[in-house]
Amino acid sequence: QVQLVESGGGLVQAGGSLRLSCAASGNIFSINVMAWYRQAPGKQRELVATITSDGVTKYTDPLKGRLLISRDNAKNTVHLQMNNLKPEDTAVYYCAAIGLERDYWGQGTQVTVSS
């Protein structure tokens, strides 16, 4: 019943920045954690960052120090600010809502970093 829509992906030069957004709608009252994942070609989907309903954030080691996850509760939107992007960051980035009994996923947004 929860719907997630990602936006903000695109083509960026190495060293550049992008700001991804995830807008949530529907029955979001049971959602305590929002997360960003990414999946590169030929690779498994991996966790990038998480943020709780009260604003506690966690980051994975590969991207730690180069990104910031935040949320705007008034607009039911989660953001992922990514800086100093590298070609190896090229992937489809997915927004996820972690519920009590089920998880919800967005359609993904493509991020391509050129050399």
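Preceding this paragraph is the structure being described.
A few points on the structure. Quick caveat, the model's predicted, so the values are computed rather than measured.

### What about the side chain of Ser 21?
Then comes step 1: Tracing the chain through its elements places Ser 21 in strand 3 (residues 18-25).
Then comes step 2: In this structure Ser 21 comes out as buried when scored by relative accessible area, which is 16%.
Then comes step 3: Side-chain polar atoms of Ser 21 contact the side chain of His 79, separated by 3.0 Å.
Then comes step 4: Those residues within four positions of Ser 21 in sequence are excluded, and the remaining contacts are Val 5, Glu 6, Ser 7, Trp 36, Thr 77, Val 78 and His 79.

### Quick look at the sheet that holds strand 3
Within a sheet, neighbouring strands are paired by backbone hydrogen bonds and run either parallel or antiparallel to one another.
Then comes step 1: An order of 1-3-8-7 is seen for the four strands of this open sheet, with the pairing classed as antiparallel. Both edges of this open sheet fall to strand 1 (3-7) and strand 7 (67-72), since each of them pairs with a single strand only. Pairwise comparison of adjacent strand axes, ignoring direction, gives a mean angle of 15° for this sheet.
Then comes step 2: Here strand 7 runs beside strand 8 (residues 77-82); their pairing, made up of six bridges, is antiparallel. Directly across from Leu 67, in strand 8, lies its bridge partner Met 82.

Parameters and conventions
Residues numbered from 1 in each chain as written. Predicted model: local features only at pLDDT ≥ 70, side-chain atom pairs only at ≥ 80, totals over all residues. Heavy atoms only, no water. Helix = DSSP H or I, 4+ residues; strand = E, 2+ residues; numbered from the N terminus. Buried < 20%, exposed > 50% of the residue type's maximum accessible area, 1.4 Å probe, protein only. Polar contact = N/O pair within 3.5 Å; in protein donor to acceptor, adjacent residues only side chain to side chain. Contact = heavy atoms within 4.5 Å. Pairing = 2+ DSSP bridges. Axes fitted to C-alpha atoms, helices over the stretch in contact; angles between N-to-C directions.

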